[in-house]
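Each chain, written out:
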Amino acid sequence: MSSDPKVVEIKNLSKEFKGNFAVKDLSFEVRKGEILGLLGANGAGKTTTIHMLLNLITPTTGSIEIFGKDFAHSRIEILGRMNFASAYQFLPYNLKVIENLRVFAEIYCVDDAEHRIEELLELFELNHLRKNSTGMLSSGEQTRLNLCKALLNKPDLLLLDEPTASLDPDQADKVRKIILDLQKRSGMSVINTSHNMIDVHELCDRILFMQTGSIIAQGTASEIMNTYESQSLEEVFIMIARQKNKN
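Rules used throughout
Residues numbered from 1 in each chain as written. Predicted model: local features only at pLDDT ≥ 70, side-chain atom pairs only at ≥ 80, totals over all residues. Heavy atoms only, no water. Pairing = 2+ DSSP bridges. Helix = DSSP H or I, 4+ residues; strand = E, 2+ residues; numbered from the N terminus. Axes fitted to C-alpha atoms, helices over the stretch in contact; angles between N-to-C directions. Contact = heavy atoms within 4.5 Å. Salt bridge = Lys/Arg side-chain N within 4 Å of Asp/Glu carboxyl O. Buried < 20%, exposed > 50% of the residue type's maximum accessible area, 1.4 Å probe, protein only. Phe/Tyr/Trp six-rings, centres within 6.5 Å; stacked < 30°, edge-to-face > 60°. Lys NZ or Arg CZ within 6 Å of the ring centre and 35° of its normal. Core = buried A, V, L, I, M, F, W, Y, C linked by side-chain atoms within 4.5 Å.

Caption draft 1: Examining the sheet that holds strand S3 (residues 35-39) more closely. With mixed pairing, six strands are arranged side by side in an open sheet as S6-S7-S8-S3-S9-S10. On the outer flanks of this sheet lie strand S6 (82-86) and strand S10 (214-219), each paired with one strand and no other. The sheet shows a mean angle of 20° between the axes of neighbouring strands, direction not considered. As defined by bridge partners, S3 adjoins strand S8 (residues 189-193) across four bridges and the pair is classed as parallel. Considered in S8, the bridge of Leu 38 is made with Thr 193. In the packing of helix H5 (residues 139-151) onto the sheet, contacts are made with S6 and strand S7 (157-161), and the angle to S6 comes to roughly 175°.

Caption draft 2: Local environment of the sheet that holds strand S2 (residues 20-31). The four strands lie next to each other as S2-S1-S4-S5, forming an open sheet whose pairing is antiparallel. On the outer flanks of this sheet lie S2 and strand S5 (69-70), each paired with one strand and no other. The pairing of strand S4 (residues 61-66) with S5 spans two bridges and is antiparallel. Bridging across to S5, Ile 66 finds its partner in Lys 69. Relative to the sheet, helix H1 (residues 46-53) contacts strand S1 (6-17), S2 and S4, its axis offset from that of S1 by approximately 120°.

Caption draft 3: Structural view of the pattern of salt bridges. Enumeration over the complete set of coordinates arrives at 16 salt bridges. A salt bridge links Asp 156 to Arg 81, with the shortest nitrogen-to-oxygen separation between them at 2.9 Å. With Asp 156 in the loop between H5 and S7 and Arg 81 in the loop between helix H2 (75-80) and S6, the pair connects residues that are 75 residues apart, well separated along the chain. By relative accessible area, which is 32% here, Arg 81 ends up partly exposed. Residues Arg 102 and Glu 114 are paired through a salt bridge, measuring 2.9 Å at the closest nitrogen-oxygen approach.

Caption draft 4: Spatial organisation of the packing of aromatic side chains. This model, assessed by the stated rule, comprises two aromatic pairs. Aromatic pair Phe 90 and Tyr 93: ring centres 6.1 Å apart, planes at 70°, arrangement edge-to-face. Taking the ring centre of Phe 21 as reference, the NZ or CZ of Lys 24 above it sits at 5.3 Å. Between the NZ or CZ atom of Lys 149 and the centre of the ring of Phe 104, over which it lies, the distance is 5.7 Å.

Caption draft 5: Summary view of H1. Of all eight residues in H1, six are buried, a share of seventy percent or more. Just beyond H1, the residue with positive phi is Asn 55, at close to 65°.

Caption draft 6: A look at unusual backbone geometry. The phi angle at Lys 18 is positive, at roughly 50°, despite the residue not being glycine. Within the secondary structure, Lys 18 sits in the loop between S1 and S2. Backbone geometry places Cys 109, a non-glycine residue, at a positive phi of 55°. Assignment of secondary structure puts Cys 109 in the loop between helix H3 (97-107) and helix H4 (113-123).

Caption draft 7: Layout of the nonpolar core. Judged by nonpolar contacts, the single largest core of 49 residues is most densely connected at Leu 101, Phe 124, Leu 152, Ile 207, Phe 209 and Leu 233. It is helix H6 (residues 169-186) that contributes the most residues to this core, six residues altogether. Once residues lying within four places of it in the same chain are set aside, the contact partners of Leu 233 are Met 197, Val 200, His 201, Ile 207, Phe 209, Ala 221, Ile 224 and Met 225. Listed in part, the 27 residues of the second largest apolar core include Leu 13, Phe 28, Phe 71 and Met 210.

Caption draft 8: View of the environment of Ser 138. For Ser 138, the location among the structural elements is in the loop between H4 and H5. Measuring from C-alpha to C-alpha, the distance between Ser 138 and Leu 167 comes to 9.9 Å, with 29 residues separating the pair along the chain.

Just distances and angles here, no functional claims.
Put into structure tokens, the structure is as follows:
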């Protein structure tokens, strides 16, 4: 077990919707500087888990501690040190790229906001689009803009939902390298949900496989592949998904 401090500690977390459990008795932790992959087929409970971590929905039972603090009592402090990006999240279309980033920089009380915005626009190759309306961006450009937004406050915990889903292979490779570089330099922790096994292999130190709201396998990519006697995570993913469909 790593001696690094716990950034996230989830204990016996469940979420019930009208008699059905989207997440059931889920327990795991994330250490400082760790990139954790949260995998599973559609409906496995990944998004519900992320939404509970963001305090967007309230757990039915269980507890969430982030940075050693209980979410229920330290919500504002915790959220100020976190951020989130998703390929399926869209910033206000009517604002220009630069306007969106300035708004979120103000929300997160970012120090030297203009310098930070310029850094991120250059890093994600969006400088030339700074005065464009956000609604006119391609899906890949919007994905990169969301990543800019998510990194504005230099979060200690970054939650990613399919961070490369709308990107071509070249941009996806660049984004993975940016995330890894920032993570190594800052020591931030990352929870990454993805169906892209290249993302998982290149980014994640450890993986949790979820099915019907519970963890059914966990470990490094190599450990999970050995457990399932498989040559790839994609094979494991397909095997787990098809086992569920047979049950």
